[in-house]
Amino acid sequence: MTTSSDRKHAGPGPASDEPPVPEPTFAERARTLVYLSRMGSLSTLSRKQPGFPFGSVMPYGLDNHGRPIFLISTMAMHTQNMLADPRASLLVTQRDTDGEPLGASRVTLVGNALPVPNTELAEARKLYLERHANSQYWVDFEDFSFYRMNVVDVYYVGGFGVMGWVSDSEYDRSRPDPLADSMAEVIQHMNADHKDALVSLARKFARIESSDATMTAVDRLGFHVRLKTSDGMRGARIAFLREVSNPAETRKVLVEMVKQARSQAE
């Protein structure tokens, strides 16, 4: 469910006198973004320049608690920094931002990056290689070690004016959206084959007249569209008739909604 703190930052929706369109919580959205990505910007505290952050690109794996796993050479600056002070942050950004990076989602994980205990190395190795198969060529070199970030706080930004802190416990309890692995396919299909349907859905469920509509995001509770209107470009969120958990359910509920929209227009 969407929390009250999330709702006050919600994006464009229906008329202001109507209840907000349900959205996943910031915790769910943060977990989904970290799950979908493979790379982030890791910042550690510089040993060479005490008090200054040192950041660089860092691939990561992910465990079931959403904790990033890093495979780092002993020669890396991050290794020296983390052994001196484990405090770190990892910035993960949304891919495919359509030329507007500040309007895209991003999340910063704050935590302590510590060596993975020997008893958990086999699982960490497995999880890391699931995301970075090419690393099998050096994963067992003696000068590479696994580190894991124990998350203590999370800051999520969903775009312009959509932002907030997520506690470590909320982040841990949440799970990636069930459509995470299929959302790109759903979006591509709707935008390639059903642009007219999106215009009808925006008219019926967002009460916005438009000449063109593009789906920009989808999750278990609904989807976002970018609309070309007589007053310029607008964004809107449209709720599904019911929660979905897979592509087949998504397809079924969208068909029902399009039928409703078109029957009303006749």
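These numbers were taken from a predicted model, which means no experiment stands behind them. (Residues numbered from 1 in each chain as written. Predicted model: local features only at pLDDT ≥ 70, side-chain atom pairs only at ≥ 80, totals over all residues. Heavy atoms only, no water.)

Draft legend 1. Focus on the confidence of the model for the chain. For the chain, the mean per-residue pLDDT works out to 90, and 91% of the residues sit at or above 70. Least confident of the elements in the chain is helix H1 (residues 4-7), whose mean pLDDT is 41; most confident is strand E1 (residues 39-45), at 98. A low-confidence stretch, residues 1-15 (pLDDT under 50), is modelled with 27 contacts involving residues beyond four sequence positions or located in other chains. (pLDDT = per-residue confidence, 0-100. Helix = DSSP H or I, 4+ residues; strand = E, 2+ residues; numbered from the N terminus. Contact = heavy atoms within 4.5 Å.)

Draft legend 2. Quick look at the sheet that holds strand E9 (residues 212-219). Ordered by their spatial adjacency, three strands build an open sheet running E9-E10-E11, and the pairing between neighbours is antiparallel. Bordering the open sheet on either side are E9 and strand E11 (232-239), each of which pairs with just one other strand. Each adjacent strand pair in this sheet contributes to an overall mean axis angle of 20°, direction not counted. Pairing of E9 with strand E10 (residues 222-229) involves seven bridges; the strand directions are antiparallel. (Pairing = 2+ DSSP bridges. Axes fitted to C-alpha atoms, helices over the stretch in contact; angles between N-to-C directions.)

Draft legend 3. Spatial organisation of the pattern of salt bridges. This model, assessed by the stated rule, comprises 13 salt bridges. Among the salt bridges present, the one from Arg125 reaches Asp140, with a minimum N-O distance of 2.9 Å. With Arg125 in helix H4 (residues 121-131) and Asp140 in the loop between H4 and strand E7 (144-159), this residue pair connects regions lying 15 residues apart in the sequence. A relative accessible area of 30% means that Arg125 is categorised as partly exposed. Connected through shared salt-bridge partners, Glu28, Arg220 and Glu243 make up one network. (Salt bridge = Lys/Arg side-chain N within 4 Å of Asp/Glu carboxyl O. Buried < 20%, exposed > 50% of the residue type's maximum accessible area, 1.4 Å probe, protein only.)

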